[in-house]
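The residues making up each chain are set out below.
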Amino acid sequence: MTMSFSQARAELAAVLDRVSAGEEITITRHGEPVAVLVRPDRLRPRVDWVFEEASRFRAEFEAAEPAPGSVGGLDEDRAAALLSDLRTGRAAR
């Protein structure tokens, strides 16, 4: 759910009840998202996932064999594939 800052401020108790029940609420200011309210127990798995993916990406990056014309051992196609994997995983969360 998305709501304006003014609406969230006016309904803070109800907003916190909804978040406590598991809903995620995006707060906007002048139509632009500025914050997301989420229960702490739902946030931790996301943080853990980011660190796991970063470790996996680093390991693959370090293990990559340098190809002629590549930077840091990754050619453009492999770098694009790794980024696609990360984005796909992020979208699934």
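Everything that follows concerns the structure shown earlier in this document.
As a starting point, this report considers the structure included with it.

About the thresholds
Residues numbered from 1 in each chain as written. Predicted model: local features only at pLDDT ≥ 70, side-chain atom pairs only at ≥ 80, totals over all residues. Heavy atoms only, no water. Helix = DSSP H or I, 4+ residues; strand = E, 2+ residues; numbered from the N terminus. Buried < 20%, exposed > 50% of the residue type's maximum accessible area, 1.4 Å probe, protein only. Contact = heavy atoms within 4.5 Å. Pairing = 2+ DSSP bridges. Core = buried A, V, L, I, M, F, W, Y, C linked by side-chain atoms within 4.5 Å. Salt bridge = Lys/Arg side-chain N within 4 Å of Asp/Glu carboxyl O. Polar contact = N/O pair within 3.5 Å; in protein donor to acceptor, adjacent residues only side chain to side chain.

**Quick look at the side chain of threonine 26**
Tracing the chain through its elements places threonine 26 in strand S2 (residues 25–29). Note on threonine 26: relative accessible area 19%, which makes it buried. With near-sequence residues (within four places) excluded, threonine 26 lies in contact with Met1, Thr2, Met3, Pro33, Ala35 and Val36.

**Remarks on the pairing of strand S3 (residues 32–37)**
Little of S3 sits out of view: just zero of its six residues are buried. Sheet topology places S2 next to S3; five bridges connect them, and they run antiparallel. Paired with isoleucine 25 across the strands is leucine 37, a residue of S3. Linkage of S2 to S3, two consecutive antiparallel strands, is achieved through a turn of two residues, within which histidine 30 is found at a positive phi near 55 degrees.

**A few points about the nonpolar core**
In terms of nonpolar packing, the biggest core is built from six residues, these being Met3, Ala8, Val15, Val19, Ile25 and Ile27. Among the secondary structure elements, those contributing two or more residues to this core are helix H2 (12–20) and S2. Not counting the four nearest positions on each side in its chain, isoleucine 25 is found in contact with Met1, Met3, Val15, Arg18, Val19, Ala35, Val36 and Leu37.

**A short note on the pattern of salt bridges**
When charged atoms on two side chains of opposite charge get close, those side chains can pair. Under the counting rule described, the total for this entry stands at five salt bridges. Of the charged contacts, one joins glutamate 53 and arginine 56 as a salt bridge, the two residues approaching to 3.0 Å between their closest N and O atoms. In this pair, glutamate 53 and arginine 56 both sit in helix H3 (residues 40–63), three residues apart, roughly one turn of the helix. Overall, the relative accessible area of 15% leaves glutamate 53 in the buried class. Taking the shortest distance from any N to any O, the salt bridge between glutamate 60 and arginine 78 comes out at 2.3 Å. Of this pair, glutamate 60 sits in helix H3 while arginine 78 sits in helix H4 (residues 76–92), placing them 18 residues apart in sequence. Using a relative accessible area of 25% as the deciding quantity, one classes glutamate 60 as partly exposed.

**Quick look at the environment of glutamate 53**
Between the alpha carbons of glutamate 53 and aspartate 85 there is a distance of 9.5 Å; along the sequence they are 32 residues apart. Among the polar contacts made by the side chain of glutamate 53, one reaches the side chain of arginine 56 at a distance of 3.0 Å.

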